[in-house]
Amino acid sequence: MLSKDISLLPYNTFGIDVKANLFVEITEIEDLVQIVKQGNLALPFFILGGGSNLLLTRDVPFLVVKNSIKGKSFNSAGLGKVLVTAGAGENWHEFVVWCLEHNFGGLENLSLIPGTVGAAPIQNIGAYGVELKDVFYSLKAVDLDSGETKIFSREDCNFGYRSSIFKQELKGRYCIVEVSFLLTSEDHIINDNYGAIKSVLNKKAVAHPGIKDIHQAVIDIRRSKLPDPSEIGNAGSFFKNPEISQNHFNKIKAIHPDVPNYPGREGLIKVPAGWLIEQCGWKGKRRGPIGCYDKQALILVNYGGGKGEKIKELSEDIAADVFETFGIKLQREVNVL
Ligand SMILES: Cc1cc2nc3c(=O)[nH]c(=O)nc-3n(C[C@H](O)[C@H](O)[C@H](O)COP(=O)(O)OP(=O)(O)OC[C@H]3O[C@@H](n4cnc5c(N)ncnc54)[C@H](O)[C@@H]3O)c2cc1C
């Protein structure tokens, strides 16, 4: 049922209090198809999952569709693999836990990421050495112009670093309603190369970790360093980690010999955005109710009552400072509306 002037405060992890002009919660694909096919709403659609990658800077003059389509199922794919499908409105972390309970491997490094299954392909969520695309099989989406459903393969999604076709050319064009993953049911692949995971496992004296050990290690690490949105409003990493040329990197290294770095795409060097922001002196800085998180400079926070446009302004000031100091243009990871 459509509701008018609904506060979005409970629907975004930044804790921003703005209103949606029109709001509807859908639990079935058919509900959405009907709304689209009726075609009598002059408003554009905005699809909302868990609101954990979103900065709301104003009242939203759209029809906000809260995706609560549920359901989980699996089929053996043979050769120790299983095809697992989940409704877009399933909570991501609960889905990961459910997979582990069934001894399905592949998602354990992505434990405790907030949000929904349906939003996970949008920015190709990633953490601790694994990205969604590594285990993604296909997704089903509804075209928001025609109401037709379409299946997208991994190639169709054009996944990149915190990116997909749904964040680029097809932004706002489709509502993802179902996602399928190809997981392992035996001979699991253990991704424990990430330094922090190794040190947690060493501390616990786990010499031969299984998928549940990785899951628990990731949870421990995340709980120790990321702010819990139920306590401090935030949307995780605000910016992407930039990739720069070797030449550019050498110039920075000449001044900062300890600059952290990782191999990027096509010979580029990835530099942590949090480090760049910290070097510019923003870590822990507050502007009234908002600020830059004191344990991780990449996260902007709302301590309560902060306004979205002020957080956007803060992010722009930080980005301008990083550009002036390092000549690097930071790109936002968070979707700003
Ligand atoms: C504490 C914290 C830690 C985080 N850690 C990570 C991390 O480690 N790695 C990482 O990648 N991300 C991380 N994030 C970001 C966020 O959790 C993910 O991007 C998540 O996938 C967003 O899901 P959501 O359902 O909340 O999406 P929302 O914020 O509701 O939506 C995000 C975007 O996707 C669109 N969208 C949502 N659902 C659909 C759909 N079904 N169909 C079409 N479009 C849709 C929305 O319109 C919007 O543009 C973190 C966030 C927080 C708060």
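What you see is a predicted model, and the numbers here were worked out from it, not measured in a lab.

This part is about the site of the ligand. Around the ligand lies a shell of 33 residues, among which Gly49, Gly50, Gly115, Gly118 and Gly236 are the nearest. Broken down by secondary-structure element, the contributors of at least two residues to the shell around the ligand are β3 (45-48), β8 (126-127), β12 (174-184) and β13 (233-237). When the residues that make up the shell around the ligand are grouped by side-chain class, the tally is 18 nonpolar, 15 polar and no charged.

Per the domain assignment, the segments of the chain are domain 1 (3-67), domain 2 (72-184) and domain 3 (233-336). Distance from the C-alpha centre of domain 1 to the C-alpha centre of domain 3: 29 Å. Listed per partner, the contact involves 11 residues of domain 1 and 13 residues of domain 3. Considering only residue class, the side of domain 1 that touches domain 3 consists of six nonpolar, five polar and no charged.

The subject of this paragraph is the sheet that holds strand β6 (residues 72-78). The sheet built from five strands is open, its strands ordered β6-β7-β12-β10-β11 with antiparallel pairing. Two strands close off the open sheet at either side, each with one partner strand: β6 and β11 (149-153). Across the sheet, the mean angle from the axis of one strand to that of its neighbour is 20 degrees, orientation sign disregarded. One ladder, built from seven bridges, connects strand β10 (residues 136-143) with β12; its direction is antiparallel. Its bridge partner being in β12, Phe136 is matched across the sheet by Phe181.

Relative to the elements of secondary structure, Lys19 occurs in strand β2 (residues 19-26). When the C-alpha atoms of Lys19 and Tyr262 are compared, they prove to be 41 Å apart, with 243 residues separating the residues in sequence. Ignoring sequence-local partners within four residues, the contact set of Lys19 consists of Asp5, Ile6, Ser7, Leu8 and Asp59.

Conventions and cut-offs
- Residues numbered from 1 in each chain as written.
- Predicted model: local features only at pLDDT ≥ 70, side-chain atom pairs only at ≥ 80, totals over all residues.
- Near = placed C-beta within 6 Å.
- Helix = DSSP H or I, 4+ residues; strand = E, 2+ residues; numbered from the N terminus.
- Nonpolar A, V, L, I, M, F, W, Y, C, P; charged D, E, K, R; others polar.
- Domains from an automatic or database assignment.
- Contact = placed C-beta atoms within 7 Å.
- Pairing = 2+ DSSP bridges.
- Axes fitted to C-alpha atoms, helices over the stretch in contact; angles between N-to-C directions.

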